[in-house]
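The primary structure of each chain is shown beneath.
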Amino acid sequence: MALGKNYDGQDCSLAKVLEVIGERWTLLVVRDAMYGVRRFGDFQAHLDIPRAVLSQRLGALVEAGVLDRRRYQDAPPRDEYVLTPMGRELWLPVVTLAQWGDRHLATHGPRRLYHHVACGTRLDPLSHCGACGRAVPLDEIEVRPGPGLIKDTRQDQVSLALRTPHRMLDPIP
């Protein structure tokens, strides 16, 4: 029996969330958008995702209101993808899942560490700054390489940019 493609019949908010972000590649696309990836080619190179799959995922995220598609060049036409406020709200679920993976699945520790830009303090698992005593919004977070990044040999632009501290949401060149 073939698996269904949606959760029709499920009157559940989690099922509705999975309709939007539950596909295998989708949270990785959202994560990269949080890092500042905006261009199709950069998503594709960093994720090693097939073009057709990426195109479908980006389209679905735009349709759902998680990403906004913006034209940055007219000749030839080129678009970039930027998180909407709705998309930015996915920060806590994304970082929580990543940190769960760091604790239970990472051999050499976390690949990424998150710090408050204003004071440099490393954030707790809920993006709370112990020094400032508040939850830190995504645009005030800097991602830094962690000990688990030690064996990273990837040479795409995103991987190279994330080997040094980078403010979340700032475009990766």
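Reading the values: the criteria
- Residues numbered from 1 in each chain as written.
- Predicted model: local features only at pLDDT ≥ 70, side-chain atom pairs only at ≥ 80, totals over all residues.
- Heavy atoms only, no water.
- Helix = DSSP H or I, 4+ residues; strand = E, 2+ residues; numbered from the N terminus.
- Rg over C-alpha atoms; globule rule 2.2 N^0.38 Å.
- Buried < 20%, exposed > 50% of the residue type's maximum accessible area, 1.4 Å probe, protein only.
- Contact = heavy atoms within 4.5 Å.
- Areas by Shrake-Rupley, 256 points an atom, 1.4 Å probe, with all protein chains shown as cover.
- Lys, Arg positive; Asp, Glu negative; His and termini not counted.
- Charge placed at Lys NZ, Arg CZ, Asp CG, Glu CD.
- Axes fitted to C-alpha atoms, helices over the stretch in contact; angles between N-to-C directions.
- Parallel < 35°, antiparallel > 145°, perpendicular 65-115°, else oblique.
- Left-handed = near helix turned anticlockwise from the far one by under 90°.
- Nonpolar A, V, L, I, M, F, W, Y, C, P; charged D, E, K, R; others polar.
- Patch = residues over 30% accessible without salt bridge, like charges linked within 9 Å, V, L, I, M, F, W, Y side chains within 5 Å.
- Salt bridge = Lys/Arg side-chain N within 4 Å of Asp/Glu carboxyl O.
- 1 Å grid on protein atoms, 1.4 Å probe; cavity = no way out; pocket = protein on both sides within 12 Å on 5 of 7 lines; lining within 4 Å.
- Points joined across faces, edges and corners; volume = space filled by probe spheres on them.

Q: Residues and numbers for the overall build of the chain, please.
A: Helix and strand content of the chain: 7 helices and 7 strands. Since a compact globule built from 173 residues should have a radius of gyration of about 16 Å, the 17 Å found for the chain is in line with a globular shape. Along the three orthogonal principal directions, the C-alpha set of the chain runs to about 45 × 45 × 30 Å. Burial statistics for the chain: of 173 residues in total, 37% are counted as buried. Residue pairs at least 24 apart in sequence account for 53% of intrachain contacts in the chain once pairs closer than 6 positions are excluded. In the structure as shown, the chain presents an accessible area of about 10,300 Å², 54% of it carried by carbon and sulfur atoms. Separation between the mean location of the 23 positive side-chain charges and that of the 21 negative ones in the chain comes to 5 Å.

Q: Which residues make up the packing of helix α2 (residues 26–35) against helix α3 (residues 40–47), and what values go with them?
A: Following both chains from N to C, one finds α2 and α3 inclined at 120°, their axes separated by 11 Å at the closest point. The pairing of α2 with α3 is recorded here as oblique in orientation. The way α2 lies across α3 gives a crossing that is right-handed. Along the contact surface, α2 presents Leu28, Val29, Arg31, Asp32 and Ala33, while α3 presents Phe43, His46 and Leu47. Here the residues of the contact of α2 with α3 sort into 5 nonpolar, 1 polar and 2 charged.

Q: Describe the packing of α3 against helix α4 (residues 51–64), and please don't skip the residues or the numbers.
A: Interhelical geometry of α3 versus α4 gives an angle of 120° and a closest axis separation of 10 Å. Taken together, α3 and α4 sit at an angle that is classed as oblique. Crossing hand, α3 versus α4: right-handed. Here α3 contributes Phe40, Phe43 and Gln44 to the contact with α4, which in turn contributes Arg51, Leu54, Ser55 and Leu58. Of the residues belonging to the contact of α3 with α4, the class tally is 4 nonpolar, 2 polar and 1 charged.

Q: Summarise a nonpolar patch on the surface; cite the residues concerned and give the values.
A: Residues Leu14, Val17 and Leu18 make up a contiguous nonpolar surface patch of about 250 Å² in total accessible area. Summarising the element assignment, Leu14 is placed in helix α1 (residues 13–21). Here Leu14 falls in the exposed class, since its relative accessible area comes to 56%.

Q: Any details on the layout of surface pockets? Residues and values, ideally.
A: Its boundaries defined by the atoms lining it, the largest pocket holds a volume of some 680 Å³. Taken together, 25 residues form the lining of the largest pocket, with Leu28, Arg31, Tyr35, Ala98 and Arg111 sitting closest to its centre. Within the residue set of the lining of the largest pocket, elements represented by two or more residues are α2, α3, α6 (91–104) and β3 (112–116). Class assignment for the residues of the lining of the largest pocket results in 13 nonpolar, 4 polar and 8 charged.

Q: With reference to specific residues and values, describe empty space enclosed by the protein.
A: All told, the structure shown has 2 cavities of 30 Å³ or more when counted by the stated rule. Taken as a whole, the largest cavity holds about 60 Å³ of empty space. In this structure, the largest cavity is lined by Ala33, Gly36, Val37, Arg38, Tyr81, Val82, Leu83, Arg88 and Leu169. Sort the elements by how many residues they give to the lining of the largest cavity and strand β2 (residues 78–83) lands first, with 3 residues. Per-class residue counts for the lining of the largest cavity are 6 nonpolar, 1 polar and 2 charged.

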